[in-house]
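Below are the chains, spelled out letter by letter.
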Amino acid sequence: MQHADHYLLAGVMGFPIMHSRSPAIHNHWLAEYGLLGHYAPLAVKPEGLEKALRALHPLGYAGVNLTIPLKELALPLLDEIDPVARAIGAVNCVVVEKNGRLRGVNYDAFGFVASLQEAAPGWRADAGPAVVLGAGGAARAVLAGLIGEGVKEIRVANRTLERAQKLAAEFGPSVHALDWDQREDALSGAALLVNTTSMGMLGQPPLDIALGGLPASALVTDIVYAPLETDLLAQARHRGLKGVDGLGMLLHQARPAFRDWFGPMPQVTPELRRKIEASL
Ligand code: ATR
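Here the structure is a predicted model, which means the values were calculated and not measured.

Considerations on the pairing of strand β11 (residues 219-222)
Regular strands show a simple pattern: their side chains alternate between the two faces of the sheet.
Part 1: Of the two faces of β11, the one lined by Leu 219 and Thr 221 and the one lined by Val 220 and Asp 222 are each fully buried.
Part 2: Sheet topology places strand β10 (residues 192-195) next to β11; four bridges connect them, and they run parallel. Paired with Val 194 across the strands is Thr 221, a residue of β11.
Part 3: Pairing of β11 with strand β12 (residues 242-244) involves three bridges; the strand directions are parallel. Within the sheet, the bridge partner assigned to Thr 221 lies in β12 and is Val 244.
Part 4: Crossover β11 to β12 through helix α7 (residues 231-238) is right-handed.

Some remarks on the pattern of salt bridges
Part 1: This structure, assessed with the given rule, holds 13 salt bridges.
Part 2: The shortest N-O distance in the salt bridge between Arg 103 and Glu 97 comes to 2.8 Å.
Part 3: Classification of Arg 103 as partly exposed rests on a relative accessible area of 22%.
Part 4: Its relative accessible area of 26% is what places Glu 97 among the partly exposed residues.
Part 5: Note that Arg 155 is salt-bridged to Glu 153, the shortest N-O span being 2.9 Å.
Part 6: Among the ionic contacts, a cluster of salt bridges with common partners joins Arg 140, Lys 166 and Glu 170.

Topic: the packing of aromatic side chains
Part 1: Applying the stated criterion to the full structure yields five aromatic pairs.
Part 2: Consider the rings of Trp 29 and Phe 258, whose centres lie 5.6 Å apart with planes at 70°: the pair is edge-to-face. Here Phe 258 lies in helix α8 (residues 247-262) and Trp 29 lies in helix α1 (residues 22-32), a separation of 229 residues in the sequence. In this pair, the class of Trp 29 matches that of Phe 258, namely buried.
Part 3: Between Tyr 33 and Phe 258, the aromatic rings sit 5.8 Å apart at their centres with planes inclined by 25°, giving stacked as the arrangement. Taken together, the residues Tyr 33 in the loop between α1 and β2 (37-43) and Phe 258 in helix α8 connect sequence positions 225 residues apart.
Part 4: Looking at Phe 258, the relative accessible area reads 0%, which means it is buried.
Part 5: Pairwise contacts between aromatic rings join Trp 29, Tyr 33, Tyr 39, Phe 258, Trp 261 and Phe 262 into one cluster.
Part 6: One cation-aromatic arrangement involves Lys 45 over Phe 15; the distance from NZ or CZ to the ring centre is 4.8 Å.

Digging into the environment of Gly 246
Part 1: With respect to the secondary-structure elements, Gly 246 resides in the loop between β12 and α8.
Part 2: With a relative accessible area of 3%, Gly 246 lands in the buried category.
Part 3: Sequence separation of Gly 246 and Ser 188 is 58 residues, and the distance between their C-alpha atoms is 23 Å.

Observations concerning the side chain of His 28
Part 1: Its place among the elements puts His 28 in helix α1.
Part 2: When near neighbours in sequence (up to four residues on either side) are disregarded, His 28 contacts Thr 269, Glu 271, Leu 272 and Lys 275.

Comments concerning the site of the ligand
Part 1: In the vicinity of the ligand lie 14 residues, with Ala 135, Asn 158, Arg 159, Thr 160 and Arg 163 positioned nearest.
Part 2: Asn 158 places a polar side-chain atom, nitrogen or oxygen, 2.6 Å from an oxygen atom of the ligand.
Part 3: One nitrogen or oxygen atom from the side chain of Thr 160 is found 2.5 Å from an oxygen atom belonging to the ligand.
Part 4: Broken down by class, the residue content of the shell around the ligand amounts to four nonpolar, eight polar and two charged.

A word on the sheet that holds β12
Part 1: Overall, parallel pairing links the six strands, which are arranged β9-β8-β7-β10-β11-β12 in an open sheet. Of all strands in the sheet, those bounded by a partner on one side alone are β9 (175-179) and β12. Strand-to-strand twist of the sheet, defined as the mean angle between neighbouring strand axes without regard to direction, takes the value 20°.
Part 2: Bridging between strand β8 (residues 154-158) and β9 involves five bridges; their strand directions are parallel. Considered in β9, the bridge of Ala 157 is made with Leu 178.
Part 3: Contacting β10, β11 and β12, helix α4 (residues 108-119) crosses the sheet at an angle of about 145° to β12.

Scoring rules and cut-offs
Residues numbered from 1 in each chain as written. Predicted model: local features only at pLDDT ≥ 70, side-chain atom pairs only at ≥ 80, totals over all residues. Heavy atoms only, no water. Buried < 20%, exposed > 50% of the residue type's maximum accessible area, 1.4 Å probe, protein only. Helix = DSSP H or I, 4+ residues; strand = E, 2+ residues; numbered from the N terminus. Pairing = 2+ DSSP bridges. Right-handed = clockwise from strand over helix to strand, strands pointing away. Salt bridge = Lys/Arg side-chain N within 4 Å of Asp/Glu carboxyl O. Phe/Tyr/Trp six-rings, centres within 6.5 Å; stacked < 30°, edge-to-face > 60°. Lys NZ or Arg CZ within 6 Å of the ring centre and 35° of its normal. Contact = heavy atoms within 4.5 Å. Near = heavy atom within 4 Å. Polar contact = N/O pair within 3.5 Å; in protein donor to acceptor, adjacent residues only side chain to side chain. Nonpolar A, V, L, I, M, F, W, Y, C, P; charged D, E, K, R; others polar. Axes fitted to C-alpha atoms, helices over the stretch in contact; angles between N-to-C directions.

Below is the structure:
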């Protein structure tokens, strides 16, 4: 955390970067706290990442978020990696220490769980098995979050079975790899369904799954937030199941990053949510 006796700086590195909603989120909080500073979109390509990261301290940056395609590439370039980021295999937030050391953390798992808890305050890790669709970077963050909360059984279904099996081997005995064809059978008795695939995103085909096998008490969450209501969430709503959209994860992962850089732990207010929704 930096002292507010100078202009506060942070940003998000990625390429492309101008679509990122992170500047709107963090600049909203800077203004809310009356802090003088700015959070900037920083167009950084993989080949420029190391130099860009090492420029943060001399420029007076408190830190940056990292997004596609830099999250995994940053691991070997930083001085210290938090265990959660190590388990996920990606860094979504870099904190610049006073002495210039760069610490990599990952708040996507936190964001996923916090969003779930905000949208469904009664959610409990011991409610039953979770089904996770997909086995990419987003799935890794969701697994870290669910295991961290103590979920005992997680069924991961992925188009490429080997990727799901790799996650099961890495994340331990609570994770079971399933073939993509088994995704509907996997819903039996599940308390939570999470889509981490890119299906359902604007411009992508909808996720092809019938939710009939889910218990009526199950939660359905999508990490996709554009559109806010995916076909999956619409189906959940029609079936009377509680749905959680992907915007909450984006908003909540930003909170501890802001705290690490600037001090106060900000909140996701309805006003902030409306502002970001309007920009989607
Ligand atoms: P991210 O890091 O955002 O999670 P990713 O690593 O590209 O992105 O993962 C995307 C996920 O969506 C993967 O699980 C992918 O399945 P594969 O591992 O088989 O590639 C899944 N996915 C993408 N398009 C899909 C499709 N048409 N049908 C099923 N799964 C799909």
